[in-house]
Amino acid sequence: MNTSLTDTLTDSGSSPAAGKTVLITGGTSGIGAATARLLLGRGHRVAVTGRDPGRLKAFLDEAGHADRVLGLVADASDWDATNTAVTGTVERFGSLDAAVANAGGASADHFGTGGADVMDGGDPQLWAPMVLANVLGPALLAKATLPHLERSRGRLVLVGSVAGIKNSPGNLYSATKWAVVGLAENLRLHATARGIGVTVVNPGLIDTAFWHGQVPPIAMSPDAVAEAIGFALGQPAGVDLNTVTIRPVGQPA
């Protein structure tokens, strides 16, 4: 948990006056990367965090828009790294309009009977990093961003999961996502009086590295979830969209 922010990996440049500034944790792959590409394509300024400098650089090289993208090496479950990433984003772009708590994941295929996240037969040594990333990470991002979002009357988006509204028996990953859904409502009650919107986006089956090569045939593209996040960020002033649940057709639970 000692990972800290390193120097940015992009060249400095002038930022356009139009568009929003959005910080995305875990932005080098999956939903985070898809969301970053979507927002950059719409003319916004985007900062993304990731723990692996090599993967972060590869994403930045692929994303383009060097004048509107910022890469920051940070562990989302580390307070100093998260706070420094937020500060660096504001210093680079001048403000912060939205933050997306996307970083997280599971320690194994949590739907499988042999998954590392299950209570019976799972490996407890693998649980702590998952709990810290999935639960502590969004809380730290909220603490670091709320003062800036209050100034911009912006929005905080938490990426939850259908597993956070439909229990997966004896599964710790599912429990962490229930915590995210609860945290979102907790934060909404706190932040709405400060002019801040809070949204939790609960995806169903998605085609990402989460599945370790065993992607369900009906899984959605991460781009579909990115569109849902973009929809939340695009709400008119004074409108608070609180919960978005998005599943592929064919997923009953």
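Draft legend 1. Region of the structure containing the overall build of the chain. Broken down by element type, the chain carries six helices and seven strands. Listing the helices and strands of the chain from first to last along the sequence gives β-α-β-α-β-α-β-α-β-α-β-α-β. Within the chain, the fraction of its 253 residues that count as buried is 52%. Long-range contacts, defined here as pairs at least 24 residues apart, represent 70% of the contacts in the chain between residues at least 6 apart. When the accessible surface of the chain is split by element, carbon and sulfur atoms take 54% of a total near 11100 Å².

Draft legend 2. Expanded view of the packing of helix α1 (residues 30-41) against helix α6 (residues 222-233). In contact at an axis separation of 8 Å, α1 and α6 are set at 55° when each is read in the N-to-C sense. Between α1 and α6, the angle is such that the two are oblique. The chirality of how α1 crosses α6 is right-handed. Of the residues in α6, those touching α1 at Gly 30, Ile 31, Ala 34, Thr 35, Leu 38 and Leu 39 are Pro 222, Asp 223, Val 225, Ala 226, Glu 227, Ile 229, Gly 230 and Leu 233. Its residues placed into classes, the contact of α1 with α6 shows nine nonpolar, three polar and two charged.

Draft legend 3. Spatial organisation of the packing of aromatic side chains. One pass over the structure, following the stated rule, counts zero aromatic pairs. Sitting above the plane of the Trp 79 ring, Lys 143 keeps its charged end 5.7 Å from the centroid.

Draft legend 4. How the structure looks around the nonpolar core. Ile 24, Val 48, Val 201 and Ile 229 are the most contacted members of the largest nonpolar core, which has 30 residues in total. Those residues in contact with Ile 24 that lie beyond four places of it in its chain are Gly 32, Thr 35, Ala 36, Leu 39, Val 46, Ala 47, Val 48, Thr 49, Val 100 and Asn 102.

Draft legend 5. A look at the environment of Asp 52. Mapped onto the elements, Asp 52 comes out in the loop between β2 (45-50) and α2 (53-63). Residue classification places Asp 52 among the partly exposed residues on the basis of a relative accessible area of 37%. When the C-alpha positions of Asp 52 and Leu 72 are compared, they lie 9.8 Å apart, and in sequence the two are 20 residues distant. In terms of polar contacts, Asp 52 uses its side chain to reach the backbone amide nitrogen of Arg 55, at 3.2 Å.

Draft legend 6. Structural view of the confidence of the model for the chain. Looking at the chain, pLDDT values average 88 and 87% of them are 70 or higher. Ignoring residues within four places in sequence, the model shows residues 1-17, a span with pLDDT below 50, making 45 contacts including any to other chains. Of the regions scoring below 50 in pLDDT, residues 109-114 engages in 16 contacts with residues more than four places distant in sequence or in other chains.

Draft legend 7. Up close: empty space enclosed by the protein. Counting across every chain of the model gives one cavity of 30 Å³ or more. Roughly 40 Å³ of internal volume is contained in the largest cavity. If you trace the largest cavity, you find it lined by Leu 23, Thr 25, Thr 49, Ala 74, Asp 75, Ala 76, Thr 82, Ala 85 and Leu 141. When its residues are assigned to classes, the lining of the largest cavity shows five nonpolar, three polar and one charged.

Draft legend 8. How the structure looks around the pairing of strand β7 (residues 243-246). Alternating positions in β7 separate cleanly, Val 244 and Ile 246 being buried on one face and Thr 243 and Thr 245 remaining unburied on the opposite face. Of the strand pairs in this sheet, strand β6 (residues 197-203) and β7 are connected by four bridges, and their pairing is parallel. Across the sheet, residue Val 201 finds its bridge partner in β7, namely Val 244.

Draft legend 9. The layout of surface pockets, seen in detail. There is about 390 Å³ of room inside the second largest pocket. Residue lining of the second largest pocket: 19 residues in total, with Arg 153, Gly 154, Gly 195, Ala 237 and Gly 238 positioned closest to the centre. When the residues that make up the lining of the second largest pocket are grouped by side-chain class, the tally is seven nonpolar, seven polar and five charged.

Draft legend 10. Highlighting α1. Its twelve residues place the ends of α1 17 Å apart at the C-alpha level, agreeing with the 16 Å of an ideal helix rising 1.5 Å per residue. With nine of its twelve residues buried, α1 lies for the most part within the structure. Downstream of α1 by a residue or two, Gly 43 has a phi angle that is positive, lying close to 90°.

Draft legend 11. Highlighting the sheet that holds strand β1 (residues 21-24). If you walk across this open sheet you meet the seven strands as β3-β2-β1-β4-β5-β6-β7, and the pairing is parallel. The open sheet has two free edges, formed respectively by β3 (69-73) and β7, since each of these has just one partner strand. Each neighbouring strand pair of the sheet contributes to a mean axis angle of 15°, computed without reference to strand direction. Against the sheet, α2 contacts β2 and β3, and its axis sits at roughly 175° relative to β3.

Criteria and cut-off values
All residue numbers refer to position in the chain's written sequence, counted from 1. Local features in this predicted model are restricted to residues of pLDDT 70 or higher, and side-chain atom pairs are both shown and tallied only at a pLDDT of 80 or more, whereas totals for entire chains, interfaces and linings draw on every residue. With hydrogens and water excluded, all non-hydrogen atoms of the structure serve as input to the side-chain values. Each helix is a run of H or I in the DSSP string that is no shorter than four residues. Each strand is a run of E no shorter than two, and both are numbered from the N terminus. Buried means the residue's accessible area, taken with a 1.4 Å probe over protein chains only, is under 20% of the maximum for its type, while exposed means over 50%, and partly exposed covers the values in between. Residues count as neighbours in contact if any of their non-hydrogen atoms are within 4.5 Å of one another. Values of accessible area rely on a 1.4 Å probe in the Shrake-Rupley scheme; residue burial ignores everything except the protein chains shown. Every angle, taken between N-to-C directions, lies between 0 and 180 degrees, and every axis is a line fitted to C-alpha atoms, over only the stretch in contact when it is a helix. In this scheme, roughly parallel covers angles under 35 degrees and roughly antiparallel covers those over 145, while 65 to 115 is roughly perpendicular and the rest are oblique. Whether a crossing is left-handed or right-handed is set by the direction in which the near helix is turned from the far one by less than a right angle, anticlockwise for left-handed and clockwise for right-handed. As a working rule, the residues Ala, Val, Leu, Ile, Met, Phe, Trp, Tyr, Cys and Pro are called nonpolar, Asp, Glu, Lys and Arg charged, and the rest polar, with Gly in that last group. Only Phe, Tyr and Trp rings take part, Trp by its six-membered ring, and two of them pair if their centres are within 6.5 Å. Stacked means planes under 30 degrees apart, edge-to-face means over 60, and tilted covers everything else. Charges are assigned to positions over rings by a cutoff of 6 Å between ring centre and Lys NZ or Arg CZ, combined with an angular limit of 35 degrees from the ring normal. Take the buried Ala, Val, Leu, Ile, Met, Phe, Trp, Tyr and Cys residues and link them wherever side-chain atoms come within 4.5 Å; each set so joined is a nonpolar core. We define a polar contact as two N or O atoms separated by no more than 3.5 Å, with the added condition that, inside protein, one atom must be a possible hydrogen donor and the other a possible acceptor, whereas residues neighbouring each other in sequence contribute only through side-chain atom pairs. On a scale of 0 to 100, pLDDT captures the predictor's confidence in every residue. Each cavity reported here is a set of points on a 1 Å grid over the protein atoms alone in which a 1.4 Å probe fits but cannot get out, each pocket an open set with protein on both sides within 12 Å along at least five of seven lines, and each lining residue one with an atom within 4 Å of a point. Grid points are joined across faces, edges and corners, and a volume is the space filled by probe spheres set on the points. Strands are treated as partners if at least two bridges between them are detected by DSSP. Here the expected length of a helix is defined as 1.5 Å per residue gap, with one fewer gap than residues.

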